[in-house]
Amino acid sequence: MSHEAFQQAIFQEPDDDALRLIYADWLDENGESLWAELIRTQCELATSTPSSNRFVDLQERVIELRHRLANHPTIPKPETPRDTLWESSFIDLGLRRGFLTSMYLMNDSWVAVPIDRAQRLCDRLESFVDQFPLDSFRILDFGVEPSTMIMDRSFMSSVRELRFSRTWWRAHPLPPGTNPNIQVESVCRHSRFSRLQTLELDAPIDDQGLTMLANASNLQKLESLKINPASATQQGWEEFAYSPLAAQLTALEIPSAYLTPEAVQGLTSDVWPRLHTLKLTRTGLSTSAIETLAQSDAFPNLTSLWIEHDPLEPASIQALEKNRTWNLRELRLEGCELRSRSIQLLASSPFVQHLHTLSLRNNRIGIQGMTALIKSRQLKKLRRLDLSFNPLEGRQFRSLTRGNLLMQLSTLQLRQFNYASPVGSMSQGKLLMDSWELPSIRHLDLSGLRLGASGAKAMAKKTWASSIRILELCQAMIHDSGARALLEVLDPAELAWITLAEDKIAETTQAELRERFGSERVSFEVT
């Protein structure tokens, strides 16, 4: 068989992973081992949960392969130029289970998309999908009415993932008199959504919307749901929790909806037997609501918990750690205003002993909290640590050089706020590199830290530097000499992505980096 024959067969049977895996074997035999690996890895990841022993490895490898295969000539692409689909918006295609079948559309205006423009986009998408199959859409900041126009089109019958979302500062309020459940109605009334596996809706819904979802007969394959039940009550959540849909979900995300203790009681009034991921963002969780959540037995298989942009007091952390039902592998407490006391409680608790991923981005971790993390005896299984956007000062830098935690990490992210004003001194950057031993590191993000040329040269002397696959050094001030030092040691066979944005690097050095690693793997733009 040929590339074309395999691809046509796969596009005709998009749910048949066995056919994709046969194609991956054929690709291996015909010199396309990286693409073959991506197909296998993405197919395996699609059926994995955070509790899987291979989950972290699969996630990290997918990220690396996506960078390595950017603009790969053999992967089929649409003949229609993407920029003819949509005026004045960002548009991109993404790899899903080995193929460019995922589309991302972002409205770059501060107002919702006008109806006439939405109509033109729908017409063009209809034509586009006729010639090139898409099974995943992520659509950002379009507004509610334009999103329902897209949902009403026939090409939605091929979609497995449908994500409507909005950046939190762009409200795009509903026009007066608009039905708040209009998105839910569009999904629930069409049989074309019977293949849907992932659904994200950005319009606020009420109890009636929850009831429509709970009683939907066309969402039997749905596994991941994101909804904004802004005005849902305890009764509405109870009805939803007892529904067949809740029993089949593996992931639930609730953004920007105020969850009172009573609402949490409704949410946890029945068992969600398959749910392994729960994400709560800007839900106004009080300590009482956290206690209700943690004391419940509603999520016996929960392995991934996200709480974002909800201030958490030490009492909330103490309430969480009392839970004895969850077996968490992934914990993300981002933008929760956590300080040293909360981090000390977390780092010393058996609650975190099985984690492979811990993200504490955008908090206020002090010196005692940083030290407690690095020296924690409970985090022996941790593989990925994200401390980005926590203020770092001299004493925090020194604390990062102590303890054995860093030696087991495959991913470490310390990205800082303001690229225009890098954090730390160059002597501290060199201190980090001289002191760090990162034998397992594969992804290192030090963007916004004043690493300096001396720090980059110290990194280049480390034996672990040649094993790095993703290196992010935006505004790290390593300058030309630091970049040249890294150029000599980074391994082209291993490196998937390096970014050196906002730095003084000579054009000749930039050209050498692109030549050594490939232009698709080197970036000098802020990411």
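Residues numbered from 1 in each chain as written. Predicted model: local features only at pLDDT ≥ 70, side-chain atom pairs only at ≥ 80, totals over all residues. Heavy atoms only, no water.

Caption draft 1: Representation of the overall build of the protein chain in the model. Scanning the protein chain from terminus to terminus reveals 20 helices and 17 strands. A globule of 527 residues ought to have a C-alpha radius of gyration of about 24 Å, and the protein chain, at 24 Å, matches this closely. Taking the principal axes of the C-alpha coordinates as reference, the protein chain spans close to 60 × 60 × 45 Å. Classification of the 527 residues of the protein chain by burial places 56% in the buried group. Pairs at least 24 residues apart make up 80% of the contacts formed inside the protein chain by residues separated by at least 6 positions. A total accessible area of about 21700 Å² is found for the protein chain, and carbon and sulfur atoms account for 48% of it. (Helix = DSSP H or I, 4+ residues; strand = E, 2+ residues; numbered from the N terminus. Rg over C-alpha atoms; globule rule 2.2 N^0.38 Å. Buried < 20%, exposed > 50% of the residue type's maximum accessible area, 1.4 Å probe, protein only. Contact = heavy atoms within 4.5 Å. Areas by Shrake-Rupley, 256 points an atom, 1.4 Å probe, with all protein chains shown as cover.)

Caption draft 2: Layout of the packing of aromatic side chains. All chains considered together, the criterion is met by 14 aromatic pairs. Aromatic side chains Trp-35 and Phe-99 sit 5.7 Å apart centroid to centroid with 65° between the ring planes, which places their arrangement in the edge-to-face category. Of this pair, Trp-35 sits in helix 3 (residues 33-46) while Phe-99 is found in strand 2 (residues 99-107), placing the two residues 64 residues apart along the sequence. According to the relative accessible area criterion, Phe-99 is buried, its value standing at 0%. An aromatic cluster is present here, built from Phe-6, Phe-11, Tyr-23, Trp-26, Trp-35, Phe-99, Phe-128 and Phe-132 joined pairwise through their rings. It is Lys-279 that lies over the ring of Trp-306; its NZ or CZ is 4.0 Å from the centre. Its end group placed over the ring of Trp-306, Arg-332 keeps NZ or CZ at 4.6 Å from the ring centre. (Phe/Tyr/Trp six-rings, centres within 6.5 Å; stacked < 30°, edge-to-face > 60°. Lys NZ or Arg CZ within 6 Å of the ring centre and 35° of its normal.)

Caption draft 3: Representation of helix 9 (residues 234-241) within the structure. Within the sequence span of helix 9, burial applies to Gly-236, Trp-237, Phe-240 and Ala-241. All buried residues of helix 9 lie within an arc of 130° about the axis, which places them on one face of the element. Residues of helix 9 that are buried make contact with helix 8 (207-214), strand 6 (224-228), helix 10 (244-248), strand 7 (251-255) and helix 11 (261-267). (Arc of directions from axis to C-beta.)

Caption draft 4: Quick look at the environment of Ser-399. Inspection of the secondary structure puts Ser-399 in helix 16 (residues 394-399). Accessibility expressed as a relative area gives 2% for Ser-399, which makes it buried. Expressed as a C-alpha distance, the spacing of Ser-399 and Leu-432, which sit 33 residues apart in the sequence, is 9.8 Å. In contact with Ser-399, not counting residues within four places along its chain, are Ile-367, Met-370, Thr-371 and Ile-374.

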